[in-house]
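Letter by letter, the chains look like this.
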Amino acid sequence: MDRRTTLKWVLAASAVGPLLRQRDARAYSTLTARGYGTDPNLAVNYHPGELWPLTMTSVQRRLAGILSDIIIPADDHSPSASTAGVVDFVDEWVSAPYSDFQRDRGIVLGGFAWLDAEGARRFGKEFVELDSAEQLSVCDDICDAARAADALREAARFFALYRDLTAGGFYSTPLGRKDLGYMGNVPLASFDGPAPALLESLGLL
Amino acid sequence: MPFVTAETLQSNYDVIVVGSGAAGGQSAYTLTMDGAKVLMLEAGRNYSASESSMFRTPDLAPLRGADTPDKPFGFYDATVDGGWNVPGEPYVRASEDHAGRFEWWRARMLGGRTNHWGRISLRNGPYDFKPKARDGLGFDWPIGYDDVAPYYDKVELLIGVYGSNEGLENTPNSPPGCLLPPPMPLVSDHLIRQRAKKLGIPVIPGHRAVLTRPLDYKHAPARLHPGNATAQKILMEDMRSRSPCLWATPCGSGCAVRANYQSTTVHLPPALKTGNLDIITDAMVYEVTLGRDGRANGVNFVDRISGKHRHAAARVVVLAASACETVRILLNSKSAQFPQGLGNSSGKVGRYLMDTVGSAVGGQIPLLENLPPLNEDAAGGDQMYVPWWLYREQHAGKLGFARGYHIEFGGGKRMPGHNTGAGLEWLTGGSYGAKFKQDVRRYYGSFVWFSGRGEMIPNDQSFCEIDPRVKDRWGIPVLRFHWQWSEHERRQAAHMQSTFADIIDAMGGRTQHAVQSDGAKAIASGGSIIHEVGGAIMGSDPQTSVTNSWGQTWDVSNLFINDGAVFASNADKNPTLTIMALAWRASDHILGRMRRKEL
């Protein structure tokens, strides 16, 4: 995360509560790894951490998992986000050596720091130590940037990005595709289009 | 004769073809099937569609396949060593403003951009070759629809294009047997068609180079190569070996079963089979060389592997490097006889660069929520489209802009990816938890998008030239781009926005953002639609054009331009089919002149 973003977060948190502790300098350092280049091998299966090192600390990864599962918990259709590998995906994303991703890195890691500071301010504990009701009370205040209080606008932007990453990380897996009932990506002898009964029910026949 | 190197290339080629995409592929095909010995030079690496990432899912890719500066159209896009920026091969923009910005997409690979293109294959209509005659703007081509129509027929028969004949104004029908049947529409296509009709907007089957059924290998070869038994046999075998569409996995990944058109899967295999084609890859052509007689005698190129500069010789040189790269080669081919660059005695090389006007609006449609599971991979997009429909109103001067646009659109339950479930706050109020999962299921497949693709009128402020300072990694001077839209394009973009909002409204849907009524903001930046053409336009006057109606440069009789650089206008119709038709036509002309010993 760049220094200006860090400062903005620290100021945002300190304006309403105790100063944010910067727990790991490495998390905010500029990444030096290289991207996969303009001619990568498309035929192999990649796993987060192979192309560039993952950089989130174990503390950040724990928080990432808890927050992902608040956003996408297990339900009757599918398991939770962390079960589908979302933490590795988020870590890969914020560790990617491309400028857009490094911008997201600042927002995500800064947001994690803000959650801890906010937990400490409201309940005297870091976010992961809060009970579920306490965690949700923080999330409720930042889950919609359009409704968030002015002082929470930055935090709400973080939450929106983190929800997008969680959703993208979850629904792009086999578990996510199954949850949505995706039927494609299989070779067919013919494509027959939607059933007439469906079109009729929609007034399209 | 197959793939050669700088060390093994021959010295007795009939024709050099620079570039291996739509224009280069078609030129090499036409020339070699009729017996000409051809050397094709491609700046990028060798590529085969067997490298395609077909059926691979985002969870197997880094960043779930998200686009990065290394792969701007996503990890699994077929493009190799390409994008808006190619390492070591810079270009210069005279302006960075949205209004004056031009972005240049390149792909350094065999087959060029045909490996990832949208496969939309529309014929220009009669108006599109004579636009100035209709409204007094821009330029008329020295040829008309009737000159090109037989070549549209041939290209459609060869590559395989689905579509239908609707008999609409300036939207030509194809003769019987040319088109493959269109694919079935998606639910969203049905809805768009029904509601657009109420607004007087016609929705008809799209035209794309995708095989919806096997090619007619028994009859097409004889229609394409009458009297040429060898060519017929080669083509028959090749057509038989192409599979029809598997109705799955994006065309942009490249198609290993050859169910869609890529130069590498359709043009080059039969051309290689003739034994008349040599291909050298990693060969970056930068100059056309002249003999003492003032005729082209070959090209200079950099072997990108060794970095060495080389020469290749032939009787005829065909440039098919893509409009801007062709311009660059011409302008860098300076000699005492042609100090301003080759083919440039008119001063028109690089002038009248055009792209397509683009603007898009997306919407969410409640009627499409919570549909049962459906396989909607279909043909990979553009099952249907809207051809320009306001010819009468426009001609009567009622629209405030002079040229038309067509509408591409899409929807359906596409494969979930790294964007699925993103940005739903405007619909969900920021839900998370169990409610969020319900919301994602509810809205999945309920989004539609509309993209306008409109005609830009050539102007004096949109051009490219050689930058006086910047050179690429091999020391070759690079292009500098200048760009400006006119009020016609800006108003057209604003019209697109209001039209798309009207359609979404008629579908009972809503747009996330207010539509953009300011055309300057609605219009996509120059080059970003990747339909750049012009720069060496054809005409009937050597003072005002670079080539004659055959793509033959006025200045050098054995130098031909077979790519989009010769376009004298850029109709709303996507340029690739016309590029191929013109390349076939020019190549037939070259063959005839070679037979008559005129070349």
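Residues numbered from 1 in each chain as written. Chains lettered and ligands numbered in written order. Predicted model: local features only at pLDDT ≥ 70, side-chain atom pairs only at ≥ 80, totals over all residues. Heavy atoms only, no water.

Caption draft 1: View of helix H3 (residues 86–94) of chain A. Residue and element names in this part refer to chain A. Across the nine residues that make up H3, a large majority, eight, are buried. Along H3, the residues that are buried comprise Val-86, Val-87, Phe-89, Val-90, Asp-91, Glu-92, Trp-93 and Val-94. As for H3, its buried residues are in contact with helix H2 (58–71), helix H4 (99–123) and helix H6 (153–171). (Buried < 20%, exposed > 50% of the residue type's maximum accessible area, 1.4 Å probe, protein only. Helix = DSSP H or I, 4+ residues; strand = E, 2+ residues; numbered from the N terminus. Contact = heavy atoms within 4.5 Å.)

Caption draft 2: Expanded view of the state of the cysteines. Here the structure, examined in full by the defined rule, presents zero disulfides over all chains. Free cysteine Cys139(A): the closest other cysteine sulfur is in Cys143(A), separated by 7.9 Å. The class of Cys139(A) is buried, set by a relative accessible area of 0%. Here Cys464(B) is not cross-linked by a disulfide; its sulfur's nearest cysteine counterpart is in Cys324(B), at 4.8 Å. (Disulfide = S-S within 2.5 Å.)

Caption draft 3: Fine view of the packing of aromatic side chains. Counted by the stated rule, this structure contains 37 aromatic pairs over all chains. A centroid spacing of 4.7 Å and a plane angle of 65° characterise the contact between Phe139(B) and Tyr352(B), whose relative ring orientation is edge-to-face. Remark: Tyr352(B) occurs in the loop between helix H9 (323–332) and strand E13 (357–364) and Phe139(B) occurs in the loop between helix H3 (131–135) and helix H4 (145–159); sequence separation between them is 213 residues. Given a relative accessible area of 26%, Phe139(B) falls into the partly exposed group. Chaining the aromatic ring pairs together yields one cluster made of Tyr36(A), Tyr46(A), Trp52(A), Phe89(A), Trp93(A), Tyr98(A), Phe101(A), Phe75(B) and Tyr76(B). (Phe/Tyr/Trp six-rings, centres within 6.5 Å; stacked < 30°, edge-to-face > 60°.)

Caption draft 4: Representation of the environment of Pro175(B) in the model. Residues and elements named next belong to chain B. With respect to the helices and strands, the residue Pro-175 is situated in the loop between strand E6 (161–162) and strand E7 (179–180). A relative accessible area of 28% means that Pro-175 is categorised as partly exposed. A sequence separation of 141 residues divides Pro-175 from Asp-34, and the C-alpha atoms of the two residues are 24 Å apart. Apart from residues lying up to four places away in sequence, Pro-175 is in contact with Arg-123 and Asp-153.

Caption draft 5: A look at the sheet that holds strand E4 (residues 92–93) of chain B. All names here are of chain B. The sheet built from three strands is open, its strands ordered E4-E18-E17 with mixed pairing. Of all the strands in the sheet, just E4 and strand E17 (463–471) have a single pairing partner and so form its edges. Note that E17 and strand E18 (residues 477–482) share five bridges and pair antiparallel. Among the inter-strand pairings, Lys-471 is bridged to a residue of E18, identified as Pro-477. Across the face of the sheet, H9 comes into contact with E17 and E18 while running at roughly 125° to E18. (Pairing = 2+ DSSP bridges. Axes fitted to C-alpha atoms, helices over the stretch in contact; angles between N-to-C directions.)

Caption draft 6: Empty space enclosed by the protein, seen in detail. Residues and elements named next belong to chain B. For the coordinates displayed, the defined rule picks out five cavities of 30 Å³ or more. Taken as a whole, the largest cavity spans an internal volume of roughly 110 Å³. Around the largest cavity, the lining is made up of 17 residues, and of these Cys-245, Ala-248, Thr-249, Cys-251 and Cys-255 lie nearest the centre. Counted by class, the lining of the largest cavity contains 13 nonpolar, four polar and no charged residues. Roughly 90 Å³ of internal volume is contained in the second largest cavity. Leu-122, Arg-123, Ser-164, Asn-165, Glu-166, Gly-167, Thr-171, Pro-172, Asn-173, His-207, Tyr-385 and Lys-573 together form the lining of the second largest cavity. (1 Å grid on protein atoms, 1.4 Å probe; cavity = no way out; pocket = protein on both sides within 12 Å on 5 of 7 lines; lining within 4 Å. Points joined across faces, edges and corners; volume = space filled by probe spheres on them. Nonpolar A, V, L, I, M, F, W, Y, C, P; charged D, E, K, R; others polar.)

Caption draft 7: How the structure looks around the pairing of strand E2 (residues 38–41) of chain B. Residue and element names in this part refer to chain B. Side chains Val-38 and Met-40 of E2 all project onto a buried face; the interleaved residues Leu-39 and Leu-41 project onto the opposite face, where all are buried too. Across four bridges, strand E1 (residues 13–18) lies against E2 in parallel orientation. Of the residues in E2, the one forming a bridge with Val-17 is Met-40. When E2 meets strand E9 (residues 277–280), the two strands line up parallel, connected through four bridges.

Caption draft 8: Here's a closer look at the interface of chain B and chain A. The interface is formed by 68 residues belonging to chain B together with 71 residues belonging to chain A. Across the chain B to chain A interface the summed buried area is about 5,800 Å²; carbon plus sulfur atoms make up 61%. If you sort the residues of chain B by the area they bury against chain A, Leu63(B), Tyr432(B) and Lys437(B) come out on top, with a joint share of 14%. Our enumeration of links across chain B and chain A arrives at six salt bridges. Close ionic contact of Arg441(B) with Asp75(A) constitutes a salt bridge, the shortest N to O distance being 2.9 Å. (Buried area = accessible area lost by both parts, 1.4 Å probe. Salt bridge = Lys/Arg side-chain N within 4 Å of Asp/Glu carboxyl O.)

Caption draft 9: Just the packing of H4(A) against H6(A), in detail. All names here are of chain A. Interhelical geometry of H4 versus H6 gives an angle of 115° and a closest axis separation of 9 Å. Classified by the interaxial angle, the pair formed by H4 and H6 is roughly perpendicular. Considering how the two elements wind past one another, H4 and H6 form a crossing that is left-handed. Contacts between H4 and H6 involve Asp-104, Ile-107, Val-108, Gly-111, Phe-112, Trp-114 and Leu-115 from the former and Ala-155, Phe-158, Leu-161, Tyr-162 and Leu-165 from the latter. (Parallel < 35°, antiparallel > 145°, perpendicular 65-115°, else oblique. Left-handed = near helix turned anticlockwise from the far one by under 90°.)

Caption draft 10: The arrangement of the sheet that holds strand E15 (residues 405–411) of chain B in detail. Residues and elements named next belong to chain B. The antiparallel open sheet is built from six strands, whose spatial order is E8-E14-E15-E16-E13-E19. With partners counted over all chains shown, the strands left at the sheet margins are strand E8 (204–205) and strand E19 (510–511), one partner each. Where strand E14 (residues 384–386) meets E15, two bridges bridge the pair, whose relative direction is antiparallel. Paired with Val-386 across the two strands is Ile-407, which belongs to E15. Contacting E13, E15, strand E16 (447–454) and E19, helix H13 (residues 487–506) crosses the sheet at an angle of about 20° to E13.

Caption draft 11: Structural detail: H13(B). Between its first and last C-alpha atoms H13(B) spans 28 Å; for 20 residues at 1.5 Å apiece the expected length is 28 Å, and the two agree. One or two steps after H13(B), the chain reaches Gly508(B), where phi turns positive at roughly 75°. (Expected span 1.5 Å × (residues − 1).)

Caption draft 12: The arrangement of the confidence of the model for chain B in detail. In the predicted model, chain B carries a mean pLDDT of 97, and 100% of its residues have values of at least 70. Overall fold confidence for the complex sits at a pTM of 0.95, while the interface term, ipTM, reaches 0.95. (pLDDT = per-residue confidence, 0-100.)

Caption draft 13: Spatial organisation of the pairing of E13(B). Residues and elements named next belong to chain B. Of all eight residues in E13, six are buried, a share of seventy percent or more. Here two bridges tie E13 to E19, and the two strands are oriented antiparallel to one another. Bridge pairing in E19 links Gln-364 to Arg-510.

Caption draft 14: The arrangement of the pattern of salt bridges in detail. Residue and element names in this part refer to chain B. Counting across every chain of the model gives 48 salt bridges over all chains. Here Asp-467 and Arg-480 are joined by a salt bridge, their closest N and O atoms 3.7 Å apart. Taken as a pair, Asp-467 in strand E17 and Arg-480 in strand E18 lie far apart in primary sequence, 13 residues in all. Each member of the pair, Asp-467 as well as Arg-480, carries the same accessibility label: buried. One network of salt bridges, with partners in common, ties together Glu-89, Arg-108, Asp-282, Arg-304, Glu-325, Arg-328 and Asp-472.

Caption draft 15: A look at the nonpolar core. Formed by 162 residues in total, the largest nonpolar core has its most connected members in Ile159(B) and Phe450(B). Among all residues touching Ile159(B), those that are not within four sequence positions of it are Ala209(B), Leu211(B), Arg242(B), Tyr261(B), Val266(B), His267(B), Leu577(B) and Met580(B). Listed in part, the 60 residues of the second largest apolar core include Met56(A), Leu63(A), Trp114(A) and Leu427(B). (Core = buried A, V, L, I, M, F, W, Y, C linked by side-chain atoms within 4.5 Å.)

Caption draft 16: Here's a closer look at the side chain of Asp189(B). All names here are of chain B. For Asp-189, the position within the fold is in helix H5 (residues 187–198). Buried Asp-189, no salt bridge; nearest opposite-charge side chain is Arg-193, N-O distance 8.5 Å. For Asp-189, the side chain forms a polar contact with the main-chain nitrogen of Leu-186, separated by 2.8 Å. Setting aside anything within four residues of it in sequence, one finds Asp-189 in contact with Gln-383, Met-384 and Phe-409. (Lys, Arg positive; Asp, Glu negative; His and termini not counted. Polar contact = N/O pair within 3.5 Å; in protein donor to acceptor, adjacent residues only side chain to side chain.)

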